[in-house]
Amino acid sequence: MTMDLPTVWIGLIGLAVLLYVMLDGFDLGVGILFPFARSPADRDLMMDSIAPVWDGNETWLVLGGGGLLAAFPLAYAVLMPAFYIPITLMLLALILRGVAFEFRLRGRRRGTAFWTAAFAGGSTLAAVAQGLVLGGFIQGVRVEHRAFAGGPFDWLTPYSLLIAAGVVAGYALLGACWLIWKTDDELHGDARRWARISAGAVAALLAAVSLATLLLHPRVAARWGYADGGFDLAQLGPRLWIPALGAAGLAILALGLRRSRHGAPFVGAALVFLSGYAGLAAGFFPYIVPYVLTYRQAASADNALALMLGGVAILLPAIVGYTVWVYWVFRGKVGADAGYH
Amino acid sequence: MDIDALLLSRLQFAFTIAFHIIFPSFTIGLASYLAVLEGLWLATRNEAFKTLYLFWIKIFALSFGMGVVSGVVMSYEIGTNWSVYAEVASPVIGPLLAFEVLTAFFLEASFLGVMLFGWKRVGPRLHFVASVLVALGTLTSAFWIISANSWMQHPTGFKVLADGTLRAVDWWQVIFSPTFPERLAHMTLAAYLTTALVVGAACAWRLLKQPDETESAIALKMAVGMFAIVAPLQLFVGDLSGKEVLRVQPAKLAAIEAFWETRTEQPFHIVAWPDHAKEANRWEVSIPRLGSLITAGDAKAQVRGLKSFAPADRPPVFIVFWAFRVMVGLGVAMIGLGAWGVWLAWRRGGPERSRLFLRACVAMGPAGFVAVIAGWIVAEVGRQPYVIYGVLRTADAVSPVTAGQVSVSLLAFMIIYAIVFSVGGLYILRLIAEGPAAGAREEAASGLRSPGSPLAAAPHDPPGETGR
């Protein structure tokens, strides 16, 4: 049997990154919303709602990085040095917010205050750093002789800052929708307010990012049939489902918020993310280092990809299975007794 | 290539991985210990085991969290600082790292949530299964990472392509490279010893304050049992591993023993001051002929010295020589501690009765960490100047990044790690100082005990405590 291994693997890495963004997205979002909580008790509840699952969520990031290394080593070798500073920032931020889960419980008064701030600041900074990487990625990376050849700050532009703002707003939205789903009473009401505000910000930033991308990055624009101020409908047509999906997500979100539904807003927010993700993929595919290297050029040896695929075929269903089970174990509203251990 | 960026990248990698290795080497052992404690509790219903479990799981949660976040760094640092290594070696070593994520990290992370927060949500048996799966996950993680590292120490089952990148030709030989079994056993035993030493020190500390604390006395006996069995076993496995080094990495062995000349009847240098420039030891205290006997098993055997390797191919001798002596010295002290403890249990009615022994246990608490880091230095510095032994030099593996970038990131890592790991260490020490009984009271107060258990009606928290 022959199988197009690089294509299977770009699909798998894409899936890992998507799952990472959605899953760690909501728990980073809870951290971004941390400063807006009314009381320490609310903050405890917010943290309890994600404490059992955050570590599993973040593992998708390790799979994204490790999987890129294993399946597309050339892309990994080019992209990581290109984004040296934002990647390092992200790692440091994830350290601070990751240890805060346990440290907040162990600190005394000043310690708890410090780790509360570290959780909020770390979550926000991690989202900003991921946005900067994404922005730098869309802008493209300078490559010579199969290696990164640009400067250390190439990624830093108004465009990448705009993307970073979008990622922060998007994660905050996911976090707010998660809290709507998982909490009740006053915190639930606050989460609805946060969701409304962040949904507005996400809609505005999505529009701004789309517009900026069309104007600043003609190669991506061409994919969408946009050139010289006009759209080519034949080119745009097959991709229209992507913005339509985003609009549908926003509609479900808005209706869910208006009708006081508990689960629907999260579904709507997830659809908005899916649409944004598909929109990005449509702008680049098949490039894995934009405009320089396709995923085929960057792919690892076939025998490595085949070996890993054999493992993934067994392991990924198992991972998805027990991850779903863990979410099911911790289903329902998180209560004040949800405490530790 | 930027020479400063290379040096700084090496410093940063050494710094971040030395901090990281502390946590896995503790949590691998602690996860197994927790599974054993919970199993013993389920089998005997002796509440002391449950109290111990609920106590050590808090320390486990703190350590595991620090291990996770410092580990995420490693998976990206390979790319940010060692991109050439990543590109060249990934077709061979990438699948091993990917399998570590898929078989171990998800398992640990997912069931850790159940272990920490699922006490009331799943039954005791399912909870025990979660503990066992987390322990299995930590061991699986060790399997893959030591497999990858062993391959870098002595690569087999691969070929080099014209463009310089590597390809696997035999996966079995890649995953189970010849030095792997001994090195995996050595690392796993090291983790178990490290944990036993920490548990022993914590119990001893409590028993010095509170001689009648039953839980601590039980746990101390378990720790002494581990010293007595695992420490001698470790000496044996370590020796096997050393024999492999002689066979496949003779330059590393020569550095470990500070052998400069190739000769039969090598002397054993107890201590020495190796000097690269003079290509000799400035001074040494030696036992004649013992060097050949220890390393090759025969006093008459010829063992290669460093001068038989080109200067560019020699590892740094001083640091490897001394790191090895620190590791072995601590290992011997651990064996002594185990023998002493067994003798106390056999002739003096229990190790907890000797205050001197308890103090020795406290003093040896950090010994496992020091020995692990020393052993890691022997393995990794001894492999220099190569990152993949004989295949890729460290100097050729570095990313095209500037010294400025790396110096800022190194500084940032140092600051954040200094805060995070000193505070984390402080919190762990505070918990240890409070002891297991305090933990049991806290659990009772937060209503987490199963109804009807003896401690369910225990007095509540002291007033003034906030939160849970």
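Residues numbered from 1 in each chain as written. Chains lettered and ligands numbered in written order. Predicted model: local features only at pLDDT ≥ 70, side-chain atom pairs only at ≥ 80, totals over all residues.

A. Local environment of the overall build of chain B. Secondary structure summary: chain B contains 14 helices and eight strands in total. Over its C-alpha trace chain B gives a radius of gyration of 24 Å, about what one expects of a compact globule, namely 23 Å for 468 residues. Principal axes of the C-alpha set define a box for chain B whose edges measure 70 × 50 × 40 Å. Considering chain B as a whole, with its 468 residues, one finds that 53% of them fall into the buried category. Considering only residue pairs separated by 6 or more positions, chain B has 74% of its internal contacts joining residues 24 or more positions apart. (Helix = DSSP H or I, 4+ residues; strand = E, 2+ residues; numbered from the N terminus. Rg over C-alpha atoms; globule rule 2.2 N^0.38 Å. Buried ≥ 20, exposed ≤ 12 C-beta atoms within 10 Å, placed from the backbone. Contact = placed C-beta atoms within 7 Å.)

B. Spotlight on the overall build of chain A. Across its full length, chain A carries 14 helices and six strands. A compact globule built from 341 residues should have a C-alpha radius of gyration of about 20 Å, and chain A, at 20 Å, falls within 12% of that. Considering only C-alpha atoms, chain A reaches an extent of 55 × 45 × 45 Å along its principal axes. Put simply, chain A has 341 residues, and 53% of those count as buried. Of the contacts formed within chain A by residues at least 6 apart in sequence, a portion of 74% connects residues at least 24 apart.

C. Highlighting the pairing of strand S5 (residues 280-287) of chain B. Residue and element names in this part refer to chain B. Where strand S4 (residues 268-275) meets S5, six bridges bridge the pair, whose relative direction is antiparallel. Counterpart to proline 274 in the pairing with S5 is asparagine 281. Adjacent in sequence and paired antiparallel, S4 and S5 are bridged by four residues, among which glutamate 279 carries a positive phi angle near 50°. (Pairing = 2+ DSSP bridges.)

D. How the structure looks around the interface of chain A and chain B. In this assembly, 59 residues from chain A lie in contact with 64 residues from chain B. Secondary structure elements with two or more residues in the side of chain A that touches chain B: helix H3 (54-71), helix H4 (73-82), helix H5 (84-106), strand S2 (147-148) and helix H14 (302-329) of chain A. Counted by class, the side of chain A that touches chain B contains 40 nonpolar, 13 polar and six charged residues. (Nonpolar A, V, L, I, M, F, W, Y, C, P; charged D, E, K, R; others polar.)

E. Inspection of the confidence of the model for chain A at higher detail. Per-residue pLDDT for chain A has a mean of 91; in total, 98% of the residues score no lower than 70. No element of chain A has a lower mean pLDDT than strand S4 (residues 230-231) of chain A, which averages 81, and none a higher one than helix H7 (residues 158-182) of chain A, which averages 95. (pLDDT = per-residue confidence, 0-100.)

F. How the structure looks around the environment of leucine 189 of chain B. All names here are of chain B. Mapped onto the elements of the fold, leucine 189 is located in helix H6 (residues 180-209). Residue classification places leucine 189 among the buried positions, given that 21 C-beta atoms sit within 10 Å. In this structure, the C-alpha to C-alpha distance between leucine 189 and serine 177, residues 12 residues apart in sequence, is 19 Å.

G. How the structure looks around the environment of tryptophan 56 of chain B. All names here are of chain B. One can find tryptophan 56 in helix H2 (residues 47-81). With 229 residues separating them along the chain, tryptophan 56 and valine 285 place their C-alpha atoms 44 Å apart. If near-sequence neighbours (up to four positions away) are discounted, tryptophan 56 is found in contact with Leu30, Tyr33 and Leu34.

H. Layout of unusual backbone geometry. Cis geometry is found at the peptide bond from phenylalanine 285 of chain A to proline 286 of chain A, where omega equals 5°. Relative to the assigned elements, proline 286 of chain A resides in the loop between helix H12 (264-284) and strand S5 (287-289). Following glutamine 384 of chain B, the chain continues into proline 385 of chain B via a peptide bond in cis, with omega recorded as 5°. Its location among the elements puts proline 385 of chain B in the loop between helix H12 (367-381) and strand S7 (386-388). Of note in this structure, histidine 145 of chain A is not a glycine but carries a positive phi near 50°. Its location among the elements puts histidine 145 of chain A in the loop between strand S1 (143-144) and S2. Unusually for a residue other than glycine, glutamate 265 of chain B sits at a positive phi of about 50°.

I. Quick look at H14 of chain A. Across its 28 residues, H14 of chain A extends 39 Å between first and last C-alpha, which sits within 8% of the 40 Å expected from 1.5 Å per residue. Along its length, H14 of chain A reaches its greatest deviation from straightness, about 35°, at valine 312 of chain A. All of the buried residues in H14 of chain A are Ala304, Leu305, Leu307, Met308, Ile319, Thr323 and Val326 of chain A. Structurally, H14 of chain A contributes buried residues whose contacts are with helix H1 (5-33) and H3 of chain A together with helix H3 (83-117), strand S2 (166-168) and helix H5 (171-175) of chain B. (Expected span 1.5 Å × (residues − 1). Bend = angle between axes of the 7 residues up to and from the residue.)

J. Here's a closer look at the packing of H14 of chain A against H3 of chain B. Running from N to C, H14 of chain A and H3 of chain B cross one another at 10°; their axes reach a closest spacing of 10 Å. Looking at the two axes, H14 of chain A sits roughly parallel to H3 of chain B. Contacts between H14 of chain A and H3 of chain B involve Ala304, Leu307, Met308, Gly311, Val312, Leu315, Ile319, Tyr322, Thr323, Val326 and Val329 of chain A on the former and, on the latter, Pro91, Gly94, Pro95, Ala98, Phe99, Leu102, Thr103, Phe106, Ser110, Gly113 and Val114 of chain B. Residues belonging to the contact of H14 of chain A with H3 of chain B are distributed by class as follows: 16 nonpolar, six polar and no charged. (Axes fitted to C-alpha atoms, helices over the stretch in contact; angles between N-to-C directions. Parallel < 35°, antiparallel > 145°, perpendicular 65-115°, else oblique.)

K. Seen up close, the packing of H6 of chain B against helix H7 (residues 214-248) of chain B. Residues and elements named next belong to chain B. Running from N to C, H6 and H7 cross one another at 155°; their axes reach a closest spacing of 8 Å. Our classification of the angle between H6 and H7 gives roughly antiparallel. H6 and H7 meet at a crossing whose hand is left-handed. Of the residues assigned to the contact of H6 with H7, the class counts are 22 nonpolar, six polar and four charged. (Left-handed = near helix turned anticlockwise from the far one by under 90°.)

L. Representation of the environment of valine 114 of chain B. Positionally, valine 114 of chain B belongs in helix H3. Taking the C-alpha atoms as reference points, valine 114 of chain B and arginine 167 of chain B, 53 residues apart in sequence, are found 40 Å from one another. Excluding residues within four positions of it along the chain, valine 114 of chain B makes contact with Val326 and Val329 of chain A together with Val122, His127 and Ala130 of chain B.

M. Fine view of the confidence of the model for chain B. Residues and elements named next belong to chain B. Taken over all residues, the pLDDT of chain B has a mean of 88, while the share at 70 or more is 93%. Throughout residues 444-468 the model reports pLDDT below 50, and contacts reaching past four residues in sequence, or to other chains, amount to 26 contacts. Interface confidence for the predicted complex, given as ipTM, is 0.90, next to a pTM of 0.89.

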